[in-house]
Amino acid sequence: MRVVIAGSSGLIGSALVPRLREAGHEVVRLVRRTPQAPDERGWDPAAGHLAPGALEGADAVVNLCGAGIGDKRWTGARKQELRDSRMIPTDVLARAVAEHDIPIMVSGSAVGWYGDTGAMAVDETARRGQGFLADLCRDWEAATAPASEAGARVVLVRTGLVLSPSGGLMGRIKPLFQFGLGGRLGSGSQFWPWISLDDEVGAIVHALEHDTVAGPMNATGPDPVSNDEFTRVLAEQIHRPAPWVVPGFAMRTVLGEFADEGVLVSQRVVPGVLEREGFVFRHATLAEALHAALDG
């Protein structure tokens, strides 16, 4: 396939590009600067502009756009930035997919859709939860409507916590654990829906290559664990103690609203679609995923 990717320089996109090429697909990368390589095409989503021919011959579009959810404190301006960085590019791409009659669109979303699920395991059939992230995901996914209404097969990738050798969650917490400053967050009972970067990318490739996948698809590992368990396994892998406990009130003081929706929230999200599809996880346990992330 000829696959056009928006967001190819991010954590997931930079790993997806070589995986697609290894699988024999041609990749075209959309960039917001002046194109500098043969596989690059320019676009300006804020202006609703795609370079002429950017989607020529495309069989699929992958949308991975969006500012980092936990990168900054959630002020009113930051919340608007989180929305605009998702809704605007998604709308532009979905309309372009419809206009050019492209058969496949794979678009990012997040497990934030489910809100707080407590200890209850949920798959893609679960109802939307409550909170800013749940509303954000609702509108983000809804922005793909022009593509689906035009007959495209649209896959909504609801991604969990991606465990990568560089950046993302591990980029923030690995140094703390290495210096013996790791520990559980809040009660530690909240479930964290992790996935290895390898499996995140593999899930997207699977969605592109299998026409049996459409609609929401959870990109999470098959065995979500509590924060307490995550802390224990990571400390074992790094061979450092993790004796500390960061109380919830301290997290709220430092992180504000994001603490409750992004760190202390419990999301026992399972990959129902991928499991029914027979998707084989490279890293089916947290220990395997952390080992890959730490050795990368």
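All of these numbers come straight from a predicted model, not from anything done at the bench.

Asker: Pulling in residues and values, what's your account of unusual backbone geometry?
Answerer: With a phi close to 55°, Asp 101 is a non-glycine residue in the positive phi region. The topology assignment puts Asp 101 in the loop between helix H2 (76-99) and strand S6 (104-110). For Asp 101, a relative accessible area of 60% puts it in the exposed group. Although it is not a glycine, His 239 adopts a positive phi angle of roughly 65°. Checked against the element boundaries, His 239 lands in the loop between helix H7 (227-238) and strand S14 (244-246).

Asker: I'd love a proper account of helix H11 (residues 286-295), names of residues and values included.
Answerer: Spacing of three or four residues puts side chains on the same side of an α-helix, whose turn is 3.6 residues. Inspection of H11 places Leu 286, Ala 289, Leu 290, Ala 293 and Leu 294 among the buried residues, and these make up the whole buried set. Down the axis of H11, the smallest arc covering the buried residues is 125°, so these residues share one side.

Asker: Any chance you could break down the packing of helix H5 (residues 168-178) against H7 for me, citing the residues and the numbers?
Answerer: The N-to-C vectors of H5 and H7 enclose an angle of 65°; their axes lie 10 Å apart at closest approach. The two elements H5 and H7 meet at a crossing, and its hand is right-handed. Contacts between H5 and H7 involve Leu 169, Met 170, Ile 173, Lys 174, Phe 177 and Gln 178 from the first element and Phe 230, Thr 231, Leu 234, Ala 235 and Ile 238 from the second.

Asker: An account of the nonpolar core is needed here, citing residue identities and associated values.
Answerer: Grouped together as the largest cluster of nonpolar side chains are 39 residues, with contacts concentrated most on Leu 163, Met 170, Phe 230, Leu 234, Leu 286 and Leu 290. Listing elements by their share of this core, those giving two or more residues are H2, helix H3 (132-142), H5, H7, helix H9 (257-263) and H11. The residues touching Leu 234, leaving out its near neighbours within four places in the chain, are Met 170, Ile 173, Phe 177, Leu 290 and Leu 294. Counting residues in hydrophobic clusters, the runner-up holds 29 residues, among them Ile 5, Leu 197, Met 217 and Val 273.

Asker: Go over the pairing of strand S12 (residues 215-219) with me, naming the residues and quoting the values.
Answerer: Among the 5 residues of S12, 4 are classified as buried, and the element is accordingly described as predominantly covered. For strand S7 (residues 153-159) and S12, the ladder comprises 5 bridges, and the chain directions are parallel. Residue pairing across strands places Val 155 opposite Gly 215, the latter belonging to S12.

Asker: Break down the UniProt feature "domain: NAD-dependent epimerase/dehydratase" (unreviewed entry) in the protein chain for me, citing the residues and quoting the values.
Answerer: In this structure's numbering, the residues bearing the UniProt feature "domain: NAD-dependent epimerase/dehydratase" (unreviewed entry) are residues 3-211. Across residues 3-211, helical content stands at 35% and strand content at 22%; the span's end C-alpha atoms are separated by 15 Å.

So, how was this worked out
- Residues numbered from 1 in each chain as written.
- Predicted model: local features only at pLDDT ≥ 70, side-chain atom pairs only at ≥ 80, totals over all residues.
- Heavy atoms only, no water.
- Helix = DSSP H or I, 4+ residues; strand = E, 2+ residues; numbered from the N terminus.
- Buried < 20%, exposed > 50% of the residue type's maximum accessible area, 1.4 Å probe, protein only.
- Arc of directions from axis to C-beta.
- Axes fitted to C-alpha atoms, helices over the stretch in contact; angles between N-to-C directions.
- Left-handed = near helix turned anticlockwise from the far one by under 90°.
- Contact = heavy atoms within 4.5 Å.
- Core = buried A, V, L, I, M, F, W, Y, C linked by side-chain atoms within 4.5 Å.
- Pairing = 2+ DSSP bridges.
- UniProt positions renumbered as here; feature names shortened; annotations may be inferred.

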